[in-house]
Amino acid sequence: MYDKLWLIPLFPFLGFLINGLLGKKIKNEKVIGAIGTLAIFSSFIVSCKYFLQLLGDSQKVHEVIVASWMTVAPLQVDWGFLLDPLSGLMMMNVTGLSTLIHLYSIGYMHGEEGYYRFFAYLNLFTFAMLMLVMGNNALVMFVGWEGVGLCSYLLIGYYFEKKSASDAGKKAFVVNRVGDFGFLLGLFTLFWSLGQKGVWTIRFTEISANVHLLENGGLIVTIVTLCFFLGATGKSAQIPLYTWLPDAMEGPTPVSALIHAATMVTAGVYMIGRMNGLFAMAPDTMMVIAIVGGATALFAATIGLAQNDIKRVLAYSTVSQLGYMFLAMGVGAFTAGIFHLLTHAFFKACLFLGSGSVIHGMHHAFHHAHLHDDPQDMRNMGGLRKKMPITFVTFLLSTLAIAGIPFFSGFFSKDEILWWAFASTRGHWALWLVGAIAAGLTAFYMFRLVFMTFFGAQKTDARAKDHIPESPLVITLPLMILAALATFGGLLGVPHVLGNLVGHFPNKLEHFLAPIFEHTQHLHHIEAHGSASTEFSFMAISVAIAVLGISVAWVMYCKNPQLPGKIVAKVPKLHKAIFNKWYIDELYDALFVNPTKRLGTLLWQVFDVRLVDGLVNGVALVVRGTGRVLRHTQTGYTHNYAMSMVLGVVVILAIYVFN
Amino acid sequence: MITITHYMVLSAILFSMGTIGVLTRKNAIVVFMCVELMLNAVNLTFIALSSHLGNMDGQIFVFFIMTVAAAEAAVGLALMIAFFRNRESIDVEEFSLLKW
Amino acid sequence: MELLQLFFFYLVAFVAVVSGFCVISCKNPINSAISLVMTFFCLAIFYVMLHAPFMAAVQIMVYAGAIMVLIIFVMMLLNQGSEVIARYRHAVTGAFIAAVLMLIQVVVILKNGGVSGMVGPNTAEVVESVGHTELIGQAMFTDFLLPFEIASILLLVAIVGAVVLAKREV
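Residues numbered from 1 in each chain as written. Chains lettered and ligands numbered in written order. Predicted model: local features only at pLDDT ≥ 70, side-chain atom pairs only at ≥ 80, totals over all residues. Heavy atoms only, no water.

**Student:** Go over the overall build of chain A, please, and point to the residues and values.
**Tutor:** Helix and strand counts for chain A stand at 27 helices and two strands. Split into buried and exposed, the 659 residues of chain A put 55% on the buried side. Counting contacts in chain A only where the partners sit at least 6 residues apart, residues at least 24 apart contribute 80% of the total. Within the structure as shown, chain A displays about 27,300 Å² of accessible surface, and the carbon and sulfur contribution to it stands at 70%. (Helix = DSSP H or I, 4+ residues; strand = E, 2+ residues; numbered from the N terminus. Buried < 20%, exposed > 50% of the residue type's maximum accessible area, 1.4 Å probe, protein only. Contact = heavy atoms within 4.5 Å. Areas by Shrake-Rupley, 256 points an atom, 1.4 Å probe, with all protein chains shown as cover.)

Dropping the structure here:
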């Protein structure tokens, strides 16, 4: 039935091989782009087939073992794939978005040096991401986990001749390593502690079937889940490991859209969803996750308020939205978290691609006018809605979605998260408050971005002004599809109270994901309880907050453009702190990076130069001295060597004789 | 009655004489012939013991020793020709490039 | 009869030792070579006495026939035969002491230990009745087939090596 699942990751891998090995020879951009896109598209088609099959299947969890990887005493690790509603959704999400973004890249990357390299990496990334979401055991997941990290590094440093880009790549890699270390520790501890109970396994199905053997809420479960969460914070850019994501914007925009918004950074959320049974057993960890998620949502949103680089605003917005997802996971709203993951993927991919379209246009204009202005700086934009109508409309729709305007996709998912944060048995009103404030800030800075970019007077240099084109169809088509998804995607998971209003419109997503999450939520009594009227009032509050944020943005950036400057003048220190990202990078430099460097210097100058080199040189000196003495025995005359052989024989025989 | 010890002692004498030759002679070809003498002393012990113990393995060994000796003769003499071509001599005292 | 055999043994052994001594002591390499051929013949006689006639034949053909001819060719080629060699030996005392020590030790070991071991099926009577060559052949092509094949490769390598070494320009 599902035995050809391995085709799904195979196609991107083939694409990677062809483009990576032969791309330099092919040279023709159209062929390279077509190979890359078709590889992903084929795997999207296969994914669709299996996904539809899964929809119609009564049994929702399927494991397909392709080959044995290793067998170590009681542990059997396979190259196997797991298809259940959760991985099915992720699979569709990854292949679908990846197809669109590959298509977009054909236009966006046109004329770049190393075009084939870009497509090869992007294909490899999709392959690794599919391994991550489809792996049936934690090790295959880890292969994907590391693979996406590698591709992220390669693609952030795509413009490696730029120092900032290669530094950003290294930063992303190193910070991710910290998280991966946590992931591995968690995996080892889990493996060992389950093994103590007689179950040596790392397969997800077996883990969730046997997790009850561990002590509920005990120390081991808490440690394991905290370690896994550390892994998640690295990959998904949460406090304290979020700093790499904004810098990752040095990569090409399609990369930001695919890797740093829609797919890779949600791996942490997916991982928690995948191991929900384990996490639900550790209420303390869940609380940590919720608090970290909420704090990240708010914290990143504040930084987003004052950034001028269009992609950096989106990057902080991504960090903030990921915080929402973790908040949802932390309060036990697994379905809501995954739902937000999906809707966020839609609208954030659309926003990033839209910003890419804008940057593409600005770049074109500046290039045409031989200017060296920053095409990503929003202060150079303004009034673009007439120049780029399609980009503008799609961008606006997605912004409405992220701001939480009713009936756009973001509204449903964000609202459900906020409701659970308040009403869940593991929730707290403070978490809701943080989430709500962050939602208001999100609405504000996203519309600030829209107003600065698309409305108002055109601030572009006069020479470049008239040369800003609308992007070609290959760029705008993905935008339109994604905007449609961002607008209507929310209908997948309409909350029950709203669904009941229009006559039992079902929450399809919740129903679909029930086989994964319902058991856990039931077992640990995780539920949101409250009357329908309470839920409606909360909805009204969050809509009001969103509208408030938009209005403030409109007042500040459309109606009265001098206002922001006045506010900044009033609180210069606060603005400076926000503008410099609360000095977190500097803090990390002072706390971790510089001490490490100093330790390294110390070890180099004292330990390495004196001790290690001294040892090595000392050995060499001793050997040379001994050799100088002993070389006199080497006469070079055959007779002397023969004589010593004979004497050796005499000695050996003497031993025989005198024994 | 000829005993096995007779053959053993004889081959020991031949072997020792071969050793003296290898150690004292300077002409590389003579040294080579002394090595052949030592090999033959060993062959004699092999065949004597083989016949004494009624086991064919020793004689097969002799067969292989002869094979190796033939190969050695071919390669060794070719080496001497090559050496002579360079040095106009095959005195082993000239073979001292291996020293410090 | 046995006394005659013993006498014959001592006679041949004496010839072998004397010609062996000539090998190491003759000034002229050609004389050494001829003496060595003599030693080989004596050894062949011993092989016959030890019921190994096939080995005796091989001894004469391979050693006396092939290897010695090769050596003498090389000597003639390098013009070693007629050359007057002023100083043709060295370190005689040391070498002599070492060799004699070795000999004494071996004799002591032989005297103390004697020769014994597991006795196989191919006694002198069996060899007489079945035939030496047939027994050798059976052992060679059953138990020792693989070494036999490997020996052929060794010879091939030796041929190639000799050609490469002796050629002026490779």
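Moving on from the coordinates now.
**Student:** Got a sec to walk through the interface of chain B and chain A? Specific residues and values, please.
**Tutor:** Each side of the interface is counted separately: chain B has 13 residues, and chain A has twelve residues. Summing the contributions of chain B and of chain A, the shared interface buries around 1,100 Å²; its carbon and sulfur component is 65%. Linking chain B with chain A are zero salt bridges, by the criterion used here. Where chain B meets chain A, there are one residue pair in polar contact (both at pLDDT 80 or more). Per-class residue counts for the side of chain B that touches chain A are six nonpolar, three polar and four charged. (Buried area = accessible area lost by both parts, 1.4 Å probe. Salt bridge = Lys/Arg side-chain N within 4 Å of Asp/Glu carboxyl O. Polar contact = N/O pair within 3.5 Å; in protein donor to acceptor, adjacent residues only side chain to side chain. Nonpolar A, V, L, I, M, F, W, Y, C, P; charged D, E, K, R; others polar.)

**Student:** So what's going on with the packing of aromatic side chains? Residues and values would help.
**Tutor:** Residues and elements named next belong to chain A. In the structure shown here, the tally under the stated rule is 42 aromatic pairs over all chains. The interplanar angle of 85 degrees and the centroid separation of 5.7 Å between the aromatic rings of Phe118 and Phe119 together place this pair among those described as edge-to-face. Considered together, Phe118 and Phe119 belong to a single accessibility category, that of buried residues. One aromatic cluster is present, built from ring pairs that chain together Phe392, Phe395, Phe447, Phe451, Phe454 and Phe455. The ring centre of Tyr50 lies 4.3 Å from the NZ or CZ of Lys49, which sits over that ring. (Phe/Tyr/Trp six-rings, centres within 6.5 Å; stacked < 30°, edge-to-face > 60°. Lys NZ or Arg CZ within 6 Å of the ring centre and 35° of its normal.)

**Student:** Requested: an account of a nonpolar patch on the surface, with residues and values cited.
**Tutor:** Taken together, the side chains of Leu599, Leu602, Leu603, Val606, Phe607, Leu611, Val612, Leu615 and Val616 of chain A define a hydrophobic patch exposed on the protein surface, amounting to about 810 Å² of accessible area. Here Val606 of chain A is to be found in helix α26 (residues 584-630). (Patch = residues over 30% accessible without salt bridge, like charges linked within 9 Å, V, L, I, M, F, W, Y side chains within 5 Å.)

**Student:** Summarise unusual backbone geometry; cite the residues concerned and give the values.
**Tutor:** Residue and element names in this part refer to chain A. The omega torsion of the bond from Ile239 to Pro240 falls at 10 degrees, within 30 degrees of zero and hence cis. Looking at the secondary structure, you find Pro240 in the loop between α8 (219-235) and α9 (244-247). A positive phi is found at His525, a non-glycine position, where the angle reads about 50 degrees. By the secondary structure assignment, His525 is in the loop between α22 (508-523) and α23 (532-559). His525 gets classed as exposed once you look at its relative accessible area, which sits at 60%.

**Student:** I'd like a description of helix α2 (residues 29-55) of chain A, backed by residues and values.
**Tutor:** Residues and elements named next belong to chain A. For α2, built from 27 residues, the straight-helix expectation of 39 Å at 1.5 Å per residue is met to within 8% by its first-to-last C-alpha distance of 38 Å. All of the buried residues in α2 are Ile32, Gly33, Gly36, Thr37, Ala39, Ile40, Ser43, Val46, Ser47, Tyr50, Phe51 and Leu54. Taken together, the buried residues of α2 touch α1 (7-26), β1 (62-72), β2 (75-83), α3 (85-108), α4 (115-134) and α22. (Expected span 1.5 Å × (residues − 1).)

**Student:** Hey, could you go over the environment of His102 of chain A for me, with residue numbers and the actual values?
**Tutor:** Residues and elements named next belong to chain A. Mapped onto the elements, His102 comes out in helix α3. According to the relative accessible area criterion, His102 is buried, its value standing at 0%. Expressed as a C-alpha distance, the spacing of His102 and Gly36, which sit 66 residues apart in the sequence, is 7.0 Å. For His102, the contacting residues outside a window of four places in its chain are Gly36, Thr37, Ile40, Phe119, Leu122, Asn123 and Thr126.

**Student:** Could you give an account of the side chain of Ser50 of chain B, with specific residues and numbers?
**Tutor:** Tracing the backbone shows Ser50 of chain B in helix α2 (residues 28-53). Engagement of the side chain of Ser50 of chain B in a polar contact is seen with the backbone oxygen of Asn55 of chain B, the distance being 2.5 Å.

**Student:** How would you explain the pattern of salt bridges if you had to name every residue and give the values?
**Tutor:** All names here are of chain A. For the coordinates displayed, the defined rule picks out twelve salt bridges over all chains. Here Glu63 and Arg203 are joined by a salt bridge, their closest N and O atoms 3.1 Å apart. In this pair, Glu63 is assigned in strand β1 and Arg203 in the loop between α6 (163-196) and α7 (204-210), connecting sequence segments 140 residues apart. For Arg203, a relative accessible area of 22% corresponds to the partly exposed category. Through salt bridges with shared partners, one network takes in Lys171, Asp247, Arg312 and Asp585.

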